[in-house]
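Spelled out, the chains give:
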Amino acid sequence: HKLSVAPEMDIMEYCRREWRGNTPAAKRMRKGYEAVAQKFTSIRRVRGDNYCALRATLFQALSQATQLPSWLQSEDFTTLSEKLLSKYDWIKQWQLKQKLGRKMGEISDEIKEYLSLLRKKWKNISEIKGPIEKQEACDKLFRNEEEEYSLYEALKFLMLNTAIKLYNDDKNGRRVPVFSWLLFARDTSSNPCQLMHNHLNHIGHSGGLEQVEMFLLAYALQYTIQVYRLYKYSTDEFITLYPNDPEEDWPVVTLITEDDRHYNIPVGMCQETML
């Protein structure tokens, strides 16, 4: 089985291998990697399919999980799919992983299965005390394609659930984060149904996550996603936070991107670094 997240490699060695030339872009990338190397010693390459933002975020969250997030503990977490399908008929068009001979009407059971798997894996990994054993458990999970891709379906469904909540809150005059307006200001996603059809259904198949969907992912997981955007080195967008006004008690995961399309993972903190 191929590991979806490659083993650790020295971050500057990786940079030298990838960015040899003397173009302005290569120089900027090297400067960016040098800045990341002040905080992290190594990098792990993430498999570059259209799931890489979900993969990198989930891998980082599980690698450092010490407890089950409160939203995963709620009684009705696994019945989310039944609840949403009973209210919104259009969710029947949710694009599940390709399985042959699937009958309609199984969608709610299938998503329930994915959500249960997410809870189970998160719980198991968060209970492992030793960092080496925890890392081995993560590596093992990200070698199991069937399970790994099921977890991404769960994350996408949580993103849909979060989008529906934000959309309804806005309609009912409640305060919503700014990114929520941007999310629904797009011609292709003016409501949650369009968001599902034109965006979420394509994640992993024909496209990855756009910037505004990184915010949605952060809200769905209640995690702050901190991203070193290397091509933005020396601008104030070099380190971008999703959301940019994070909740105090949200844990933080850190990713690296060279182009806002593909994400890798920095590991091995040089010293305790706080936001």
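Every value quoted in this text rests on a predicted model; they were computed, and no experiment measured them.

### A word on the UniProt feature "site: Linear diubiquitin binding" (unreviewed entry) in the protein chain
Per the UniProt record, the feature "site: Linear diubiquitin binding" (unreviewed entry) sits at Glu237. Overall, the relative accessible area of 36% leaves Glu237 in the partly exposed class.

### Comments concerning the nonpolar core
Core analysis: the biggest nonpolar cluster contains 75 residues, and Trp94, Leu118 and Trp122 have the highest contact counts within it. Residues in contact with Leu118, not counting those within four places in the same chain, are Leu58, Trp71, Leu72, Phe77, Leu151, Ala154, Leu155 and Leu158. Listed in part, the 14 residues of the second largest apolar core include Ile11, Cys15, Tyr228 and Phe238.

### Brief notes about the pairing of strand β3 (residues 224-229)
Within β3, 6 of the 6 residues are buried, which leaves the element mostly enclosed by the surrounding structure. A two-sided burial pattern is seen for β3, the buried positions comprising Thr224, Gln226 and Tyr228 on one face and Ile225, Val227 and Arg229 on the other. By the bridge criterion, 6 bridges tie β3 to strand β5 (residues 252-257) in an arrangement that is parallel. From the neighbouring strand, Thr224 faces β5, where its bridge partner is Val252. Pairing of β3 with strand β4 (residues 239-242) involves 4 bridges; the strand directions are antiparallel. Across the sheet, Ile225 pairs through a bridge with Tyr242, a residue of β4.

### What about the packing of aromatic side chains?
Throughout the structure, instances matching the rule amount to 18 aromatic pairs. On the numbers, 6.4 Å between centres and 85° between planes, the contact of Phe40 with Tyr228 is edge-to-face. With a gap of 188 residues between them, Phe40 in strand β2 (residues 40-44) and Tyr228 in strand β3 connect regions that are remote in the sequence. A residue is classified by how much of its surface remains accessible, and Phe40, at 5% relative accessible area, is buried. Between the aromatic rings of Trp122 and Tyr223, the centroid separation amounts to 6.1 Å while the plane-to-plane angle is 55°, which identifies the pairing as tilted. Of this pair, Trp122 sits in helix α6 (residues 107-126) while Tyr223 sits in the loop between α11 (211-221) and β3, and the two are 101 residues apart along the sequence.

Calculation notes
- Residues numbered from 1 in each chain as written.
- Predicted model: local features only at pLDDT ≥ 70, side-chain atom pairs only at ≥ 80, totals over all residues.
- Heavy atoms only, no water.
- UniProt positions renumbered as here; feature names shortened; annotations may be inferred.
- Buried < 20%, exposed > 50% of the residue type's maximum accessible area, 1.4 Å probe, protein only.
- Core = buried A, V, L, I, M, F, W, Y, C linked by side-chain atoms within 4.5 Å.
- Contact = heavy atoms within 4.5 Å.
- Helix = DSSP H or I, 4+ residues; strand = E, 2+ residues; numbered from the N terminus.
- Pairing = 2+ DSSP bridges.
- Phe/Tyr/Trp six-rings, centres within 6.5 Å; stacked < 30°, edge-to-face > 60°.

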